[in-house]
Amino acid sequence: MSPYPFHYHRAHTLAEAVTLLAQLGGEGQLLAGGQSLIPLMKLRLARPGALVDLNFVPGLSAIDEHSGEIRMGAMARHAALEDSELVARVPILHDCAAGIADSQVRNMGTIGGSVAEADPSGDWVAVLLTLGAQVRCTGPQGERIMPVSDFVTDAYTTMLGPAEIVQEIRVKLPPAKSGGAFIAFKRCASVYASASAAVQLTLGDGDICRDIHIALGCVGLTAVVPIAAQDALRGKPVSAKSIENAADAAMAAAEPQSDMRGSADYKRVLVRAVVKRAIDIAARRARGERVEAGHEYVARV
Amino acid sequence: MSLAFDKVPLQLTVNGKPCAVEVEPRTLLVELIREQLNLTGTHVGCDTTYCGACTVLLNGRNVKSCTVLAVQADGSDVRTVEGLATEGKLHPVQEAYAANHGLQCGFCTPGLLMSTVRLLEKHPKPSDQQIRKAIAGNTCRCTGYQNILKAIRAAAAAGK
């Protein structure tokens, strides 16, 4: 399968990429890792008249610590994030990076591309929501930075202007006694998850849940933040009962659609299961335990 | 819209040899490899980023060459299955697949070999979990994978 023909522009700096996009008007689209865009173009569901290639812009894939934040360049590949010791300090980020699709896709796909695409089944947005991540963008009017919760406005829709580019994702290093976990359930490695849950919580004295952020992936037009589920735990002891209550509330907040990945009813049950597991692991990690989490397949690895 | 699009000149290293080509922007890396460079060992299976038959190494990392534009590989080091054997002698990973019956029809094998080479370069003594994760993006419809796992364990034990 071949994409429709298109013009190719290689950017060498971020400023050049912004200028090219502005000159091309609606014709131009950015090429990051291409792991979603190229399949869409091959299926001819996407037909950009021109691509502006970000793969040759130096410095866009840096992963650094700065002012108590992890700063991940938009072109940081999932595999680079998976292998980063800095990223591993926030286990929920590593959970996500290490299990997206398969090793081949992780070697090309980028965090900036994933966030900018805002696919309702993408993994990163749900995870970044629980960490209050910031998205730094550059466009013809200069730079701006906004929380990921503002950045993604709808399915495949973001605040990005026509010639604006995601430059960096920033995540604050969580405080002491904070733990997170991402559980995504999928049919096999190479596909999107059927449902996922991201949980970041902070414990206080006596195993009380001081703060909690939950986001659900794949079960709404954007990642769903189940407010009632967070309320079921915030300020309460983390117990089997409170986790159960939160999972039930999360299930009620999910808005899944029936598709080839399963019926809506099946996905609701799945949401309850992944939320329960993610809260449990997040709490254990907050207590200092080393527990594995991440993507799980029907055939377990 | 005109279909006459400028060709893009690329310089790559393919299996150790420098190579200069010109491609249409829409050319996929696998098309460049198979149709312009005539290296037909790399297979196109699903053509939809699923099966991994088209896996090659791009700067040492395994990628699905049906889902990489040739222009993205400019300046890169590309390694295909043809680059594994040296002087008529099979690569140890190829030897291990042959000795352990890690293939039946062989269609997925070029991709699996490349993912295995990448795995063992990253983790010379991989755990079973690391092996399974490393080849999760390579689909085999014949073997049921058990002999592939045996082959990879054997290749690791042989020190390659």
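Residues numbered from 1 in each chain as written. Chains lettered and ligands numbered in written order. Predicted model: local features only at pLDDT ≥ 70, side-chain atom pairs only at ≥ 80, totals over all residues. Heavy atoms only, no water.

(A) Spatial organisation of the pairing of strand 12 (residues 195-203) of chain A. Residue and element names in this part refer to chain A. Buried residues dominate strand 12, accounting for nine of its nine residues. The two faces of strand 12 match: Ala-195, Ala-197, Val-199, Leu-201 and Leu-203 on one face and Ser-196, Ala-198, Gln-200 and Thr-202 on the other face are all buried. Across eight bridges, the pairing between strand 11 (residues 178-186) and strand 12 is antiparallel. Note that in strand 12 the partner of Ile-183 across the bridge is Ala-197. (Buried < 20%, exposed > 50% of the residue type's maximum accessible area, 1.4 Å probe, protein only. Helix = DSSP H or I, 4+ residues; strand = E, 2+ residues; numbered from the N terminus. Pairing = 2+ DSSP bridges.)

(B) Spatial organisation of the sheet that holds strand 7 (residues 142-147) of chain A. All names here are of chain A. Pairing in this open sheet of five strands is antiparallel, and the strands run 4-5-10-6-7 from one edge to the other. At either margin of the open sheet sits one strand with a lone partner, and together these are strand 4 (63-66) and strand 7. Neighbour to neighbour, the strand axes of the sheet diverge by 25 degrees on average, direction disregarded. With six bridges joining them, strand 6 (residues 134-139) and strand 7 adopt antiparallel strand pairing. Opposite Gln-134, over in strand 7, you have Pro-147 as the bridge partner. (Axes fitted to C-alpha atoms, helices over the stretch in contact; angles between N-to-C directions.)

(C) Broad picture of the packing of helix 2 (residues 92-99) of chain B against helix 5 (residues 146-157) of chain B. Residue and element names in this part refer to chain B. Two elements in contact, helix 2 and helix 5, have axes whose closest approach is 8 Å; the angle formed by their N-to-C orientations is 135 degrees. By the criterion of interaxial angle, the relationship of helix 2 to helix 5 is oblique. Relative to helix 5, helix 2 is oriented so that their crossing is right-handed. Packed against helix 2, whose contacting residues are Val-93, Ala-96 and Tyr-97, the element helix 5 presents Ile-148, Ala-151, Ile-152, Ala-154 and Ala-155 at the interface. For the contact of helix 2 with helix 5, the class distribution of residues is eight nonpolar, no polar and no charged. (Parallel < 35°, antiparallel > 145°, perpendicular 65-115°, else oblique. Left-handed = near helix turned anticlockwise from the far one by under 90°. Contact = heavy atoms within 4.5 Å. Nonpolar A, V, L, I, M, F, W, Y, C, P; charged D, E, K, R; others polar.)

(D) The arrangement of helix 11 (residues 240-253) of chain A in detail. Residue and element names in this part refer to chain A. An ideal rise of 1.5 Å per residue puts 20 Å on 14 residues; helix 11 measures up with 20 Å between its terminal C-alpha atoms. Within the span of helix 11, buried status applies to Ser-242, Ile-243, Ala-246, Ala-247, Ala-249 and Ala-250. Considered in projection along helix 11, the buried side chains sweep an arc of 165 degrees and stay on one side of the axis. Exposed and facing more than 90 degrees away from the buried side of helix 11 are Ala-240, Lys-241 and Ala-252. Looking at the buried residues of helix 11, the elements they touch are strand 13 (209-217), helix 10 (227-233) and helix 12 (264-286). (Expected span 1.5 Å × (residues − 1). Arc of directions from axis to C-beta.)

(E) The pattern of salt bridges, seen in detail. All names here are of chain A. A complete count under the given rule lists 26 salt bridges over all chains for this structure. When the shortest N-O distance is used, the salt bridge between Arg-136 and Glu-143 registers 2.7 Å. With relative accessibility at 16%, the residue Arg-136 sits in the buried group. Since its relative accessible area comes to 51%, Glu-143 is described here as exposed. Residue Arg-272 pairs with Asp-248 through a salt bridge whose shortest N-O separation is 3.3 Å. Of this pair, Arg-272 sits in helix 12 while Asp-248 sits in helix 11; the two residues are 24 residues apart in sequence, bridging distant segments of the chain. Look at the salt bridges and you will find they share partners, linking Arg-136, Glu-143, Glu-168 and Arg-170 into a network. (Salt bridge = Lys/Arg side-chain N within 4 Å of Asp/Glu carboxyl O.)

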